[in-house]
Amino acid sequence: MARITSSVAKSPKPDQPVDSLYARIYATVRSIPRGRVSTYGRIARIVGGCGARQVGYAMAALPDGTRVPWQRVINHKGEISNRKHGSGAGSQRLRLLAEGIHFNFKGRIDLQRFGWPRH
DNA sequence: CCTGTGACGTCCC
DNA sequence: TGGGACGCCACAG
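Each chain carries its own residue numbering, running from 1 in the direction its sequence is written. Chains and ligands are labelled sequentially in the order written, the chains with letters from A and the ligands with numbers from 1. Totals for whole chains, interfaces and linings use every residue, but because this is a predicted model, local features are given only for residues with pLDDT of at least 70 and side-chain atom pairs only at 80 or more, for both listing and counting. By convention in this description, side-chain values take in all heavy atoms of the structure and omit both hydrogens and water.

Novice: Help me out: how do you make sense of the environment of Arg95 in this one?
Specialist: Every helix listed is a DSSP run of H or I at least four residues long, and every strand listed is a run of E at least two residues long, numbered separately from the N terminus. Among the structural elements, Arg95 can be located in helix 4 (residues 89–98). In this structure the C-alpha to C-alpha distance between Arg95 and Gln71, which are 24 residues apart in sequence, comes to 6.7 Å. Two residues form a contact once any of their heavy atoms are found within 4.5 Å. Residue contacts for Arg95: discarding those within four places in its chain leaves Trp70 and Gln71.

Written as structure tokens, this is what we have:
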């Protein structure tokens, strides 16, 4: 289990990043309560040291069937971000509706009401 | 090592 | 309120 590596200060970058940026992003997304949504920028702000694009990139890198509630992450407009690759946005909408998230007549989510963390 | 790209955000008009 | 321009940063090739 606990393998002690002798070469610690030798390698500039570890081959097994225990605390990778993606892991922290996923952990933060996982902390979003059901029935609430957050934004890429907000997640990036909480994680710290990264931009909103990195959060979106991390979401795109998620494998299928993940337990990370990626559908709860939207953009600052309160809209579902359009991704490059095919459908998934439709799936996201359905998942959010299933959680009780309401969309207004413009297809947007009221962040003042469903946003997380709460203001 | 350098370049392009992307599920974004803020500023400005 | 809406749309365009610029900035940002990690990752892949």
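Novice: Would you explain the protein's contact with DNA strand C in this entry?
Specialist: Here a residue is near a molecule or strand as soon as one of its heavy atoms is found within 4 Å of it. Taken together, the neighbourhood of DNA strand C is formed by Leu21, Tyr22, Gly49, Arg53, Gln54, Tyr57 and Lys106. Backbone atoms, meaning sugar and phosphate, make up 79% of the atoms of DNA strand C lying within 4 Å of the protein. Counting of polar contacts relies on pairs of N or O atoms within 3.5 Å, with two restrictions inside protein: one atom must be capable of donating a hydrogen and the other of accepting it, and residues adjacent in sequence are counted only when both atoms are side-chain atoms. A distance of 2.4 Å separates a base oxygen of DNA strand C from a polar atom in the side chain of Gln54. Between DNA strand C and Lys106 there is a distance of 2.8 Å, counted from a phosphate oxygen to a side-chain nitrogen or oxygen.

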